[in-house]
Amino acid sequence: MYNSKLETLPLEELRALQNARLSSLVERVYRDVPFYKKKFDEKGILPGDIKTVEDLRHLPFTYKTDLRDHYPFGLFAKPMDQIRRIHASSGTTGKPTVVGYTENDLEVFHEVVARSLACAGAKPGMIMHNAYGYGLFTGGLGIHGGATKLGMAVIPVSGGMTERQLIILQDFKPDMICCTPSYAQTLAEACKKAGIDTKDLNLKYAVLGAEPWTEAVRSQVENGLSVSATNIYGLSEIIGPGVSQEDYEEKGTGSYIWEDHFYPEVVDRDTGEPLPYGEEGVLVFTALTKEAFPVLRYWTNDICSIYYDKSEKRTHIKMSNIKGRSDDMLIIRGVNLFHTQVEEVINGLEFLQPNYQLHVKKKGIMDAVEVHVEVQNGVSAEDASLAQHFSKRIKNSIGLSMDVVLKNPGDIPMSQGGKTQRIVDLRK
Ligand code: DLL
């Protein structure tokens, strides 16, 4: 079983634990990772100068480019004979970013995922349908290890082969499903098409993450699969899934960050200065306990806020849903635009469904966005008045004019278990 006591540590004890773990971390990276030694030396900082998490602000950030520059294993702090697993995330350009785990890192990974699944409603003895991809992606094996640690029976389905997934859902009767929100939508749609009444399945919970999603997607998945759906967040560079998790009894209030392992800061995207709780900026993590691949102040590029709320269930800090990634942020005619803003508008219109892509093009010398979105079943994609109505709504709520292309249901590629590509950049 995993240790749930750490989730309710009084704040003072939590800080003391974080500070002790941070001191050990800075000693280790200074000694074992030349990249960090050089960064400390350049700033004239010694490990002993960093005594508490408040001192973190004096340290430089670590960026994804630093990982690429040290591809594949240059930032590892342990020799290969102590590494037990390697994962990599593909990214959209260039070489993948590679991360490693010692035996102890895998223990921590399983522990935080077990915590997350319990927070999402799972109990020992339940059956887990794991439709995250197995392989270099951290989703499949990460969820698998945590579910096993919690005492669940795992069905390692992985992504894709939707028809087979439906058979398993009906015959193996899992209690919980883990997958991307877009694949949960695909499965809900497939159940509807196949005439499966999802109330007859045994599914109770869905744990969705790896890409941003909205409340409208939550209600679509909850109704479509007859489940209670919560958000799981994480990234390979910090550990994988299980960095934070939404509680199934506190839906809509943000996700608990397991801050005894992952210390969060939110910083101004332009100045890098830490922002007060509640303000939106770039999420930065320090992985306090990682051995093989320790990272200090990792710049996630994810935009959100962090805050303590009044919940009595746990003492850990919460984060809001990710609004988007700052590197995904489009700047169109001077206006900052995240695809989730367009999704909000789509969700407010009954004739559309949230299967969409933003095509970014050059119109003369200016950048322009064309929204491709599917209409609901029974609605005509040829109806120009609907396109006009949608376009007007976008202009009113986002302040930008966008061309709109309505598509028939099924015309935009559906998720097969991976992350959906929302932005298609046609500028080059
Ligand atoms: O996506 C790990 C993961 C697997 C998380 C399964 C949840 C479930 P990467 O492939 O390294 O790792 O991608 C990390 O995905 O920086 C976010 O931009 C995005 N992301 C992950 N979870 C969420 C979420 C995994 N719940 C990147 N909401 C992160 C929004 C998410 N974005």
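Residues numbered from 1 in each chain as written. Predicted model: local features only at pLDDT ≥ 70, side-chain atom pairs only at ≥ 80, totals over all residues. Heavy atoms only, no water.

Peer 1: Quick one: what's the story with helix α1 (residues 11-32), residue by residue and with numbers?
Peer 2: With 22 residues, α1 extends 31 Å from end C-alpha to end C-alpha; this agrees with the ideal 32 Å at 1.5 Å per step. The complete set of buried residues in α1 reads Leu-14, Arg-15, Gln-18, Asn-19, Leu-22, Leu-25, Val-26, Arg-28, Val-29 and Tyr-30. (Helix = DSSP H or I, 4+ residues; strand = E, 2+ residues; numbered from the N terminus. Expected span 1.5 Å × (residues − 1). Buried < 20%, exposed > 50% of the residue type's maximum accessible area, 1.4 Å probe, protein only.)

Peer 1: Would you mind going over the sheet that holds strand β12 (residues 298-304) in detail, with residue names and values included?
Peer 2: Strands belonging to one sheet form pairs held by backbone hydrogen bonds; the direction of such a pair is parallel or antiparallel. On the basis of which strands lie adjacent, the open sheet formed by four strands has the order β10-β11-β12-β15 and antiparallel pairing. Two strands bound the open sheet, and with one partner strand each, they are β10 (262-267) and β15 (324-325). (Pairing = 2+ DSSP bridges.)

Peer 1: Describe the packing of aromatic side chains, with residues and values.
Peer 2: Two aromatic rings, taken as a pair, are described by how far apart their centres are and by the angle between their planes. Within the structure shown, the criterion is met by 13 aromatic pairs. Taking the centre distance of 5.5 Å and the plane angle of 85 degrees together, the rings of Tyr-277 and Tyr-308 count as edge-to-face. You can see Tyr-277 sitting in the loop between β10 and β11 (281-287) and its partner Tyr-308 sitting in the loop between β13 (306-307) and β14 (318-319), a full 31 residues away along the chain. Residue classification places Tyr-308 among the partly exposed positions, given a relative accessible area of 27%. These aromatic residues form a ring-pair network of at least three members: Phe-61, Tyr-63 and Trp-299. Taking NZ or CZ as reference, Lys-318 lies 4.7 Å from the ring centre of Tyr-256, over its face. (Phe/Tyr/Trp six-rings, centres within 6.5 Å; stacked < 30°, edge-to-face > 60°. Lys NZ or Arg CZ within 6 Å of the ring centre and 35° of its normal.)

Peer 1: Would you mind going over the pattern of salt bridges in detail, with residue names and values included?
Peer 2: This structure, assessed with the given rule, holds 28 salt bridges. Between Arg-31 and Asp-32 there is a salt bridge, with the nearest N and O atoms lying 3.0 Å from each other. Here Glu-222 and Lys-251 are joined by a salt bridge, their closest N and O atoms 2.7 Å apart. Residue Glu-222 is found in helix α8 (residues 215-225), and its partner Lys-251 is found in the loop between β8 (240-246) and β9 (255-257); the two are separated by 29 residues along the sequence. Overlapping salt bridges, with partners in common, bring together Glu-7, Asp-247, Glu-249, Lys-313 and Arg-314 in one network. (Salt bridge = Lys/Arg side-chain N within 4 Å of Asp/Glu carboxyl O.)

Peer 1: Go over the pairing of strand β5 (residues 176-179), please, and point to the residues and values.
Peer 2: The two faces of a sheet get side chains in turn, since along a regular strand they alternate between them. Of the two faces of β5, the one carrying Met-176 and Cys-178 and the one carrying Ile-177 and Cys-179 are both buried. Pairing between strand β3 (residues 127-130) and β5: three bridges, direction parallel. Among the inter-strand pairings, His-129 is bridged to a residue of β5, identified as Ile-177. In this structure, β5 lies alongside strand β6 (residues 205-209), joined through four bridges in parallel fashion. Across the sheet, Ile-177 pairs through a bridge with Ala-206, a residue of β6.

Peer 1: Describe the sheet that holds strand β20 (residues 403-407), naming the residues involved and giving the relevant values.
Peer 2: Reading across the sheet, the four strands line up as β20-β19-β18-β21 and stay open at both edges, with mixed pairing between neighbours. Strands at the two margins of the open sheet, each flanked by one partner only, are β20 and β21 (423-425). Direction aside, neighbouring strands of the sheet carry axes that sit 20 degrees apart on average. The pairing of strand β19 (residues 366-375) with β20 spans five bridges and is parallel. Each residue of the ladder has a partner; that of Val-373, found in β20, is Leu-406. Taken strand by strand, helix α10 (residues 384-398) contacts β18 (352-363), β19 and β20, and its axis lies near 135 degrees from that of β20. (Axes fitted to C-alpha atoms, helices over the stretch in contact; angles between N-to-C directions. Contact = heavy atoms within 4.5 Å.)

Peer 1: Any details on the site of the ligand? Residues and values, ideally.
Peer 2: Residues in contact with the ligand amount to 22 residues; listed here are only the nearest, Asn-231, Ile-232, Ser-236, Asp-302 and Lys-419. The side chain of Asp-302 places a nitrogen or oxygen atom 2.6 Å from an oxygen atom of the ligand. In isolation the ligand offers 610 Å² of accessible surface; the protein chains occlude 94% of this area. For the shell around the ligand, the secondary-structure elements that each account for two or more residues are α5 (138-150), β7 (228-235) and β8. Considering every element that reaches the shell around the ligand, the biggest residue donor is β7, with five residues. (Near = heavy atom within 4 Å. Polar contact = N/O pair within 3.5 Å; in protein donor to acceptor, adjacent residues only side chain to side chain. Areas by Shrake-Rupley, 256 points an atom, 1.4 Å probe, with all protein chains shown as cover.)

Peer 1: Go over the domain arrangement of the chain, please, and point to the residues and values.
Peer 2: On domain assignment, one finds that the chain holds domain 1 (1-324) and domain 2 (330-425). Here domain 1 and domain 2 have C-alpha centroids that lie 29 Å from each other. With 22 residues of domain 1 at the interface, the matching set in domain 2 holds 15 residues. It is Thr-186, Thr-214 and Lys-323 in domain 1 that bury the most area against domain 2; as a group they hold 26% of the surface buried on that side. Inspection of the region where domain 1 meets domain 2 yields zero salt bridges. (Domains from an automatic or database assignment. Buried area = accessible area lost by both parts, 1.4 Å probe.)

Peer 1: I'd like to hear about the pairing of β6, residue by residue, with values.
Peer 2: Where burial is concerned, most of β6 is hidden: five out of the five residues are buried. Neither face of β6 is exposed, since Tyr-205, Val-207 and Gly-209 on one face and Ala-206 and Leu-208 on the opposite face are all buried. The parallel pair β5 and β6 is bridged by helix α7 (residues 181-193), and the resulting crossover is right-handed. Here β6 runs beside β7; their pairing, made up of five bridges, is parallel. Of the residues in β7, the one forming a bridge with Val-207 is Thr-230. The handedness of the β6 to β7 crossover, carried by α8, is right-handed. (Right-handed = clockwise from strand over helix to strand, strands pointing away.)

Peer 1: Describe the environment of Asp-260, listing the residues and the values that go with them.
Peer 2: Relative to the helices and strands, Asp-260 is located in the loop between β9 and β10. With relative accessibility at 0%, the residue Asp-260 sits in the buried group. Along the chain, Asp-260 and Leu-9 lie 251 residues apart, while their C-alpha atoms are 9.3 Å from each other. Those residues within four positions of Asp-260 in sequence are excluded, and the remaining contacts are Leu-6, Leu-14, Leu-17, Gln-18, Arg-21, Arg-115, Leu-288 and His-316. For Asp-260, the side chain forms a polar contact with the side chain of Arg-115, separated by 2.8 Å.

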